[in-house]
Amino acid sequence: MPGSVVLLVTSPRLPAGVLTAQAWDLVRAHPVLTAAESAQVDALRAAGATVTVVEPTVDVLLDALATHGTFVWLASPDGDEQLARSLGLRLAREPGLATLELLYGSWDPPGARVLDAVTVMDRLMHPETGDAWKRAQTHESLAPFLLEESYELYDAIRDQDHEAVREELGDVLLQVVLHARLAEEAADATDRFTLDDVAGDLVDKLIRRNPHVFADTEVGGIDDIIANWEQIKQAEKSRASAVDGVALSQPALALVAKLLHRVARAGLHVDFTPADPLGAALFALVVQAHEAGQDPEAALRTAALSYMDAVRRAE
């Protein structure tokens, strides 16, 4: 009977030794060959498998076929695609020699590429071989880039450019990963946190503020969901004023609109007119937009873009 080569592919993003039952049965029943020592190799040996490191060539694998009849090739993290292709072509020319099978011993979990982003950032932040510019940054020095990337993402969304949305989301994610990585190395221990801390806080918040999903709270619709969210948020923040916690760095039109939204939600009526005539006129326009359910920031941005087009036509 012809032999068999089983190409065992595993996820490099899972802990070594996390394999399916089928994969474990296979590596315990047959010799395992691979191209290099690794944590996965250590885990297999610790569980009683026989693993041998060999040169990753077609001729070596064919010799192993003659010796073992059936064996497992533990692929490297990149999957050894070129080796598998070359072996497959050779076996296709000699169909009675052996069969080539592919077995996934583990798969990347959802979000696995975020782990890759963390690994790449670790390389970039290495004190000796990393990127000097990134190592020189602080939360403060990076803050303008976060705003810039967020605006670029906003533009991509506005333009309905989904490819650009994907790219700009990556740039925003870079800011999150880099800020978290800088925090890991903070001089003051009280300022330190990791990306896992950031993600953990987010998970906890999402669970707390969505009891209609994660608990037994019943809702009648989206309005109830929003009301629950705000009620839970208010209890968490214990803010003394309806306008506490509003981001003051946002553009002035958006800031006024947010303040008006907070005040209206709190059921307050505030008589107010700015002392500066220009400020009073602009404030009144934002109030009108709020009462009409319009976004003054978006409206002015649209007008600015139209003006840019008019300038280009006039040049």
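Note: the structure precedes this text.
Cut-offs used in this document
What you see as residue numbers is a count from 1 along each chain, following the sequence as written. In keeping with the model being predicted, local features are shown solely for residues with a pLDDT of at least 70 and side-chain atom pairs are shown and tallied solely at 80 or more, while totals for entire chains, interfaces and linings include all residues. Think of the side-chain values as coming from all heavy atoms in the structure, minus any hydrogens and water. Here a strand is any run of E in DSSP of at least two residues, a helix any run of H or I of at least four, and the numbering for each starts at the N terminus. Atoms counted for the radius of gyration: C-alpha only. Globule rule: 2.2 Å times residue count to the power 0.38. Burial classification: accessible surface area is computed with a 1.4 Å probe over protein chains only, and a residue below 20% of its type maximum counts as buried, one above 50% as exposed, and the rest as partly exposed. Throughout, a residue-residue contact means that at least one pair of heavy atoms, one from each residue, lies within 4.5 Å. Patch membership requires over 30% relative accessible area and the absence of a salt bridge. Like charges are linked within 9 Å, and nonpolar side chains (Val, Leu, Ile, Met, Phe, Trp, Tyr) within 5 Å. Using a 1.4 Å probe, accessible areas were evaluated by the Shrake-Rupley method; residue-level cover was limited to the displayed protein chains. What makes a salt bridge here is a side-chain nitrogen of Lys or Arg within 4 Å of a carboxyl oxygen of Asp or Glu, nothing more. His residues and chain termini do not enter the charge count, which takes Lys and Arg as positive and Asp and Glu as negative. Note on charges: their place is set at NZ of Lys, CZ of Arg, CG of Asp or CD of Glu. In this analysis an axis means a line fitted to C-alpha atoms, helices contributing only their contacting stretch, and an angle means the value between N-to-C directions, from 0 to 180 degrees. Under this scheme an angle from 65 to 115 degrees is roughly perpendicular, one under 35 degrees roughly parallel, and one over 145 degrees roughly antiparallel; angles in between are oblique. Crossings are sorted by hand: turned counterclockwise from the far helix by less than a right angle, the near helix makes the crossing left-handed, and turned clockwise it makes it right-handed. Paired rings are identified among Phe, Tyr and Trp, the last through its six-membered ring, by centres lying within 6.5 Å, and are further divided according to the angle between planes into stacked (under 30 degrees), edge-to-face (over 60) and tilted (the rest).

Draft legend 1. Geometry of the overall build of the chain. Assigned secondary structure in the chain consists of 14 helices and five strands. In terms of overall size, the chain is more extended than a compact globule, its C-alpha atoms giving a radius of gyration of 29 Å where 315 residues would be expected to give roughly 20 Å. Dimensions of the chain, computed from the C-alpha atoms along their principal axes, are close to 90 × 60 × 45 Å. Within the chain, the proportion of its 315 residues that are buried is 28%. Looking at the chain alone, contacts between residues at least 24 apart form 57% of all its contacts between residues at least 6 apart.

Draft legend 2. Summary view of a negative patch on the surface. Among the surface-exposed residues, Glu184, Asp196, Asp197, Asp201 and Asp204 lie close enough to one another that they form a single negatively charged patch. Ranked by residue count, the leading element in the negative patch is helix 9 (residues 195-209), at four residues. In this structure, Glu184 sits in helix 8 (residues 162-184).

Draft legend 3. Looking closely at the packing of helix 12 (residues 252-265) against helix 13 (residues 277-291). Viewed as axis vectors pointing N to C, helix 12 and helix 13 meet at an angle of 55°, and their least axial separation amounts to 10 Å. As far as their axial angle goes, helix 13 and helix 12 are oblique. Considering how the two elements wind past one another, helix 12 and helix 13 form a crossing that is right-handed. Here Leu253, Val256, Ala257, Leu260, His261 and Ala264 of helix 12 lie close against helix 13, whose contacting residues are Phe283, Val286, Val287 and His290.

Draft legend 4. Region of the structure containing the packing of aromatic side chains. Tallying each qualifying case throughout the model produces two aromatic pairs. Here the aromatic rings of Phe272 and Phe283 are separated by 5.3 Å at their centres, their planes lie at 75°, and the arrangement is edge-to-face. In this pair, Phe272 is assigned in the loop between helix 12 and helix 13 and Phe283 in helix 13, connecting sequence segments eleven residues apart. Judged by its relative accessible area of 52%, Phe272 falls in the exposed class. Overall, the relative accessible area of 21% leaves Phe283 in the partly exposed class.

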